[in-house]
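# Observations on chain architecture
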Amino acid sequence: RGLRVTKKHQQAVQHFKGKPQVKVLAIKKMEMIFTTPELEKLNKFFREAAAAYDVQSAQLVNKALSVAATYASVMERLGEALGALDVLASFARVVLSAPCGFVRAKLDTEG
């Protein structure tokens, strides 16, 4: 990673004699890419912070998934109960809106 300067200002940057020493990374047709030791230190600090963030984020995701996994059986039972309730509600709606009357069936014990 570095800073970019146009070809027009390239000479001014390359011949800069001030405190930040310039390290040229690449010279292209219309631009020059360069860095400084301070920018390299900040870039290293940023990469380390980003890596630490990624580790913490992965741990948080794993914890969230483990907690969510404990609810799988509860959600499965809830789905079954809601499915049964939906079927019974549908039967009740059919009975109420049917043009003829429905009665409860009687079982014959003799077969």
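Provided above is the structure to which this section pertains.
Just so it is clear, the model here is predicted, and its values are computed rather than measured.

## Some points on the overall build of the protein
A tally of helices and strands in the protein yields three helices and three strands. Secondary structure elements in the protein, listed N-terminal to C-terminal, are β-α-β-β-α-α. The C-alpha atoms of the protein give a radius of gyration of 36 Å, which is well past the 13 Å a tight globule of 111 residues would have. For the protein, the C-alpha atoms occupy an extent of roughly 110 × 35 × 20 Å along the three principal directions.

## Focus on a nonpolar patch on the surface
A contiguous nonpolar surface patch, about 690 Å² in accessible area, is contributed by V67, Y71, V74, M75, L78, L82 and L85. Here the nonpolar patch gets five residues from one element, more than from any other, and that element is helix α3 (residues 72-97). Position of L85 among the secondary structure elements: in helix α3. L85 sits in the exposed class, given a relative accessible area of 53%.

Conventions and cut-offs
- Residues numbered from 1 in each chain as written.
- Predicted model: local features only at pLDDT ≥ 70, side-chain atom pairs only at ≥ 80, totals over all residues.
- Heavy atoms only, no water.
- Helix = DSSP H or I, 4+ residues; strand = E, 2+ residues; numbered from the N terminus.
- Rg over C-alpha atoms; globule rule 2.2 N^0.38 Å.
- Patch = residues over 30% accessible without salt bridge, like charges linked within 9 Å, V, L, I, M, F, W, Y side chains within 5 Å.
- Areas by Shrake-Rupley, 256 points an atom, 1.4 Å probe, with all protein chains shown as cover.
- Salt bridge = Lys/Arg side-chain N within 4 Å of Asp/Glu carboxyl O.
- Buried < 20%, exposed > 50% of the residue type's maximum accessible area, 1.4 Å probe, protein only.

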